[in-house]
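# Reading the structure
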Amino acid sequence: MKVLVVGGGGREHALCWALAASPLLTRLWCAPGNAGIAELAECVPIGAEDIPALVAFAKAQAVDLVVVGPEAPLTLGLADACAEAGLKCFGPSQAAARLEGSKGFTREVADAAGAPGARWARFADPVAARAYIRAQGAPIVVKADGLAAGKGVVVAATVEEAEAAIADIMESRIHGESGATVLVEECLIGQEISFFALCDGRTALPLGAAQDHKRVGDGDTGPNTGGMGAYSPPPVFTEALRDQVMARIVRPVLAEMARRGSPFRGVLFAGLMLTAEGPKLIEFNVRFGDPECQALMVRLKSDLLAALLAACDGELAGFDLRWDARPSLTVVMAARGYPGAYAKGTEIRGLDRAAAVPGVQVFHAGTARRADGAILANGGRVLGITAMAETLQAARDVAYRAVDAIDWPEGFCRRDIAHRAL
Ligand code: AMP
Ligand code: GLY
């Protein structure tokens, strides 16, 4: 099987790593990839959002499966363009990707499916939004309706903060047109969990859960990021909770999407809050999480390629996914300054020493290889040091031993990944 992976982050490195282990694989490309991915796949200099070029490349190479990592190409219709060209694509259609692209759409679908979530209301008028906020009181959550690069959400501790968010998002349009409408939501309290389900349009299989660390600093301080680390499985997320989430959220939403004529095929990523009243839906994403994917892939014992093909072919019913019971943990190393401005092109040394630590996988995110072979930082999140061990504490110790083997003065990481579980 010839496979093209789309994307170039740590998630895509982990996907390429798992796909490369498949006995079904004959050739692997990644567009655009990174320096770590280049060890496993042929990197193609096509941007992840260049839909016509991706489709043309896949057709020219007679690719058997296109695997899409990030959400942007999906919301731009890459899966639809592949289908039109007769190419098999793992990832939802543009219509189904609205579960990530529009928060209002997600809430409508979740309500129609009876999935538990926050009380919410949608506003196109800032005056009405402010009146609703004053009537509800704080804490309260204000969200731009559309995609805002993960930055469109304000969890407001006071009514004043929430009103300021309305001014920023709706009136100053700091996130552009995605702030034309906002959602105002009840603030859910509890531990946040990333839950993943593999879907073929009708059937969903649990892919496991992980806990992300969104704030940049130790002790969950500082600004939000794409994710500074993850571990899997989170002990608080019991099998009983997993079954409840499958029964009350994932399966009903899958049925509702099929009923609407836009069946969901791909990875459904449910952001959950484990509240005192049980798990509630915060949001959906239509792809693997990054860095959650890195922590999940080292635990997957089954053939990822076979599983993705079964999802594409509507054949997940009866498919068996096997997992390593041992916990895993990923520490993200980022360029100093991230999530604000940061330098590119600084040299990273000691990656071989880190990769030689038993139980460790070094996944690259924003890296590039210089002509002389040196590995350079080329993004905000740069590496995902991933370890698996008998216990979570041991996985954490092993991961940080590998982190400490890396010589990169211009980088940093959180030192407390999995603090909620340890
Ligand atoms: P989102 O972009 O929807 O993932 O939201 C970003 C973050 O805001 C989430 O990961 C949560 O930590 C937080 N958040 C979003 N909605 C709520 C809510 N209704 N209650 C509490 N926290 C929320
Ligand atoms: N780590 C969170 C995300 O991928 O959206």
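What this report covers is the structure whose coordinates are included nearby. (Residues numbered from 1 in each chain as written. Chains lettered and ligands numbered in written order. Predicted model: local features only at pLDDT ≥ 70, side-chain atom pairs only at ≥ 80, totals over all residues. Heavy atoms only, no water.)

## So, the site of ligand 1
Within the structure, ligand 1 sits among 15 residues, and Glu185, Glu186, Leu188, Glu192 and Glu283 are positioned closest to it. Between ligand 1 and Lys143 there is a distance of 3.0 Å, counted from a nitrogen atom to a side-chain nitrogen or oxygen. Within the contact set of ligand 1, a nitrogen atom lies 2.9 Å away from a side-chain nitrogen or oxygen of Glu185. For ligand 1, the protein covers 89% of the area, taking 470 Å² as the surface of the free molecule. Its residues assigned to classes, the shell around ligand 1 shows eight nonpolar, no polar and seven charged. (Near = heavy atom within 4 Å. Polar contact = N/O pair within 3.5 Å; in protein donor to acceptor, adjacent residues only side chain to side chain. Areas by Shrake-Rupley, 256 points an atom, 1.4 Å probe, with all protein chains shown as cover. Nonpolar A, V, L, I, M, F, W, Y, C, P; charged D, E, K, R; others polar.)

## Here we look at the layout of surface pockets
For the second largest pocket, the calculated volume is near 400 Å³. The wall of the second largest pocket is formed by 20 residues, among which Glu39, Leu351, Asp352, Ala355 and His364 lie closest to the centre. At the level of elements, α1 (10-20), α12 (351-355) and β19 (360-364) are the ones that each hand at least two residues to the lining of the second largest pocket. Element by element, the count of residues in the lining of the second largest pocket is highest for β19, at five residues. Taken together, the residues of the lining of the second largest pocket break down into ten nonpolar, six polar and four charged. (1 Å grid on protein atoms, 1.4 Å probe; cavity = no way out; pocket = protein on both sides within 12 Å on 5 of 7 lines; lining within 4 Å. Points joined across faces, edges and corners; volume = space filled by probe spheres on them. Helix = DSSP H or I, 4+ residues; strand = E, 2+ residues; numbered from the N terminus.)

## Structural notes on the sheet that holds strand β7 (residues 140-144)
In space, the four strands of this open sheet follow the order β6-β9-β7-β8, with antiparallel pairing throughout. This sheet does not close on itself; its edge strands, each paired only once, are β6 (120-123) and β8 (153-156). Strand-to-strand twist across the sheet, computed as the mean angle between neighbouring axes with direction ignored, equals 20°. Where β6 meets strand β9 (residues 182-186), four bridges bridge the pair, whose relative direction is antiparallel. Across the sheet, the residue bridging to Trp120 is Glu185, located in β9. (Pairing = 2+ DSSP bridges. Axes fitted to C-alpha atoms, helices over the stretch in contact; angles between N-to-C directions.)

## Quick word on the pattern of salt bridges
In the structure shown here, the tally under the stated rule is 29 salt bridges. A salt bridge links Glu108 to Arg122; the shortest N-O distance between them is 2.3 Å. Linking Glu108 in helix α6 (residues 103-113) with Arg122 in strand β6, this pair joins segments that are 14 residues apart in sequence. (Salt bridge = Lys/Arg side-chain N within 4 Å of Asp/Glu carboxyl O.)

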